[in-house]
Amino acid sequence: RGSIPSVEKVQLLADYLGVTTSELLGEEPRASPGAIRISVLGTIPAGIPVEAVEDVLDWEEIPESWGSGGREYFGLRGKGDSMYPRYLEGDTVILRKQPTCDSGNDCAVLVNGDEATLKQVILRQDGSVELRPVNPAYPPRVYSPAEVERLPVHILGVVVELRRKIL
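So, a few notes on the structure that sits alongside this text. Only a predicted model underlies this, so the values are computations on that prediction, with no experimental measurement involved.

Think of a pair of aromatic rings as described by two things: how far the centres are apart, and how the planes are tilted against each other in angle. Following the criterion strictly, the structure yields one aromatic pair and no others. Ring plane angle 40 degrees and centroid distance 5.4 Å describe the contact between Trp66 and Tyr73, whose orientation is recorded as tilted. Overall, Trp66 belongs to the partly exposed group, its relative accessible area being 22%.

The structure is reproduced here in structure tokens:
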């Protein structure tokens, strides 16, 4: 009859094999050589840094070279159809974590403390910000410079890659 190994024995075995205890126990996959693993999140609630979100749905690998210069990445699982047909429900978008973007970038944006939304960000000359869906069934939202500060409107990251699983 089997017994449950002690935490110390699990740690010793993990150290010997050069893996984390989570990897040893099958709790988190290990990255391939030359790659780094990033978490794919379902939601990003207000006030919680991306790296602290515990709503991890999956893991994706990105090239290790992407992380040069201290760049950080995260994934978001798409839901809803406001960005259809560019993004479909269930798609995974890979984002470079950054607080600013260029006008026209697709970004994860946190508005008024709600969960992150994926929209095309249009930066207007007067300082206002337009969050533009691709799907014409949804209207764009425009936030004045005062609303951007007061609500606030935060850029969480810029989309760098789309990953779609075909079943």
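If you trace the backbone, Arg163 turns up in strand β9 (residues 153-163). Arg163 sits in the buried class, given a relative accessible area of 18%. Engagement of the side chain of Arg163 in a polar contact is seen with the backbone oxygen of Glu61, the distance being 2.7 Å. Ignoring sequence-local partners within four residues, the contact set of Arg163 consists of Glu60, Glu61, Ile62, Asp91, Thr92 and Ile94.

Looking now at unusual backbone geometry. Between Tyr84 and Pro85 the backbone carries a cis peptide bond, its omega angle lying at 10 degrees. Structurally, Pro85 is set in the loop between β3 (73-77) and β4 (92-97).

On to the pairing of strand β1 (residues 35-41). For β1, the buried fraction is high: five of the seven residues fall into the buried class. Bridge analysis of β1 against strand β2 (residues 56-63) gives seven bridges, and the strand direction is antiparallel. Residue pairing across strands places Leu41 opposite Val56, the latter belonging to β2.

Judged by side-chain polarity, Leu13, Tyr16 and Leu17 come together as a nonpolar surface patch covering roughly 360 Å² of accessible area. Assignment of secondary structure puts Leu13 in helix α1 (residues 7-17). With relative accessibility at 42%, the residue Leu13 sits in the partly exposed group.

Below, the discussion takes up the side chain of Ser39. Note on placement: Ser39 falls in strand β1. Owing to a relative accessible area of 16%, Ser39 belongs among the buried residues under this scheme. When near neighbours in sequence (up to four residues on either side) are disregarded, Ser39 contacts Val56, Asp58, Trp59, Phe74 and Gly75.

Looking at chain direction, β3 and β4 are connected through five bridges and run antiparallel. Within β4, the residue paired with Phe74 across the bridge is Leu95. In this sheet, β9 lies alongside β4 in antiparallel orientation, the contact comprising six bridges. Residue Ile94 lies in a different strand from β9, and its bridge partner there is Glu161.

Further remarks concern the sheet that holds strand β5 (residues 106-111). Read across the open sheet, the nine strands follow the order β2-β1-β3-β4-β9-β5-β6-β7-β8; overall the sheet is mixed. The open sheet has two free edges, formed respectively by β2 and β8 (141-143), since each of these has just one partner strand. The sheet shows a mean angle of 40 degrees between the axes of neighbouring strands, taken without regard to direction.

Glancing now at the pattern of salt bridges. Enumeration over the complete set of coordinates arrives at nine salt bridges. Its salt-bridge partner being Asp58, residue Arg77 comes within 3.4 Å of it at the nearest N-O pair. Here Arg77 is found in strand β3, whereas its partner Asp58 is found in strand β2, with 19 residues between them in sequence. The residue Arg163 makes a salt bridge to Glu161 at a minimum N-O spacing of 2.4 Å. Overlapping salt bridges, with partners in common, bring together Glu60, Glu161, Arg163 and Lys165 in one network.

What counts as what
Residue numbers run consecutively from 1 along every chain, following the written order of its sequence. Per-residue local features of the predicted model are confined to residues with pLDDT of at least 70, and side-chain atom pairs are confined, for both listing and counting, to 80 or more; whole-chain, interface and lining totals are unaffected and use all residues. Each side-chain value is derived from all of the structure's non-hydrogen atoms; neither hydrogens nor water enter the calculation. Working definition: rings of Phe, Tyr and Trp (its six-membered ring) pair if their centres are within 6.5 Å, and the pair is stacked with planes under 30 degrees apart, edge-to-face with planes over 60 apart, and tilted otherwise. Burial classes follow relative accessibility: with a 1.4 Å probe on protein chains only, a residue under 20% of its type's maximum area counts as buried, one over 50% as exposed, and anything between as partly exposed. Only DSSP runs of H or I reaching four residues or more are called helices, and only runs of E reaching two or more are called strands; each is numbered from the N terminus. Definition of a polar contact: a pair of N or O atoms within 3.5 Å, with one able to donate and the other able to accept a hydrogen when the atoms are protein atoms, and with sequence-neighbouring residues admitted only if both atoms are side-chain atoms. We call two residues contacting when some pair of their heavy atoms lies within 4.5 Å. When DSSP finds two or more bridges between two strands, those strands count as paired. The patch calculation keeps residues exceeding 30% relative accessible area without a salt bridge and links them within 9 Å when they carry like charges or within 5 Å when they are nonpolar (Val, Leu, Ile, Met, Phe, Trp, Tyr). Where accessible areas are quoted, they stem from the Shrake-Rupley method and a 1.4 Å probe; at the residue level, only the protein chains shown are allowed to cover. Here, a salt bridge means any Lys or Arg side-chain nitrogen found within 4 Å of an Asp or Glu carboxyl oxygen. The axes used here are C-alpha line fits, helices contributing only the stretch in contact, and every angle between their N-to-C directions lies in the interval 0 to 180 degrees.

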